[in-house]
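Listed below, chain by chain, are the residues.
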Amino acid sequence: MTDLQQAFLLYSAVYLIAKCGLFACLYVALVIVEKHARERHKQLHLFLVDKRAKEEVRWEYAYKQYQKKKSLRPASLTKAS
């Protein structure tokens, strides 16, 4: 094998090792970011569920009045045209 061929093989091996190392680093970073994103999504979901429950209790009387008013409407108005 000539010196140029050996240099080419050496640089090709270094390139492949660097590429695989970069891929591994990016994959690990992606897994970490995804883990944090899932945790934040779960926290946000719990916050919104709690907020909706509080709002439902807060506006319970208004919702009852709305349902009562809605049930008293004539049947002809509730049907879609």
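Scroll up to find the structure this text is about.
Residues numbered from 1 in each chain as written. Predicted model: local features only at pLDDT ≥ 70, side-chain atom pairs only at ≥ 80, totals over all residues. Heavy atoms only, no water.

Observations regarding a nonpolar patch on the surface
- Residues Phe 23, Tyr 27, Val 28, Val 31 and Ile 32 make up a contiguous nonpolar surface patch of about 510 Å² in total accessible area.
- By the element assignment, Val 28 lies in helix H1 (residues 3-58). (Patch = residues over 30% accessible without salt bridge, like charges linked within 9 Å, V, L, I, M, F, W, Y side chains within 5 Å. Areas by Shrake-Rupley, 256 points an atom, 1.4 Å probe, with all protein chains shown as cover. Salt bridge = Lys/Arg side-chain N within 4 Å of Asp/Glu carboxyl O. Helix = DSSP H or I, 4+ residues; strand = E, 2+ residues; numbered from the N terminus.)

Section: the pattern of salt bridges
- The final tally for this structure, using the stated rule, is 4 salt bridges.
- For the salt bridge of Asp 50 with Lys 54, the shortest nitrogen-to-oxygen distance reads 3.4 Å. Taken together, the residues Asp 50 and Lys 54, both in helix H1 and 4 residues apart, mark about one turn of the helix.
- Given the relative accessible area of 55%, Lys 54 is considered exposed.
- With a closest N to O distance of 3.6 Å, Lys 64 and Glu 60 form a salt bridge. Of this pair, Lys 64 and Glu 60 are both found in helix H2 (residues 60-72), 4 residues apart, which corresponds to roughly one turn of the helix. (Buried < 20%, exposed > 50% of the residue type's maximum accessible area, 1.4 Å probe, protein only.)

Details of the state of the cysteines
- Applying the stated criterion to the full structure yields 0 disulfides.
- Summary of cysteine pairing: Cys 20 is not part of a disulfide, and the nearest cysteine sulfur, belonging to Cys 25, is at 11 Å.
- Judged by relative accessible area, which is 53%, Cys 20 ranks as exposed. (Disulfide = S-S within 2.5 Å.)

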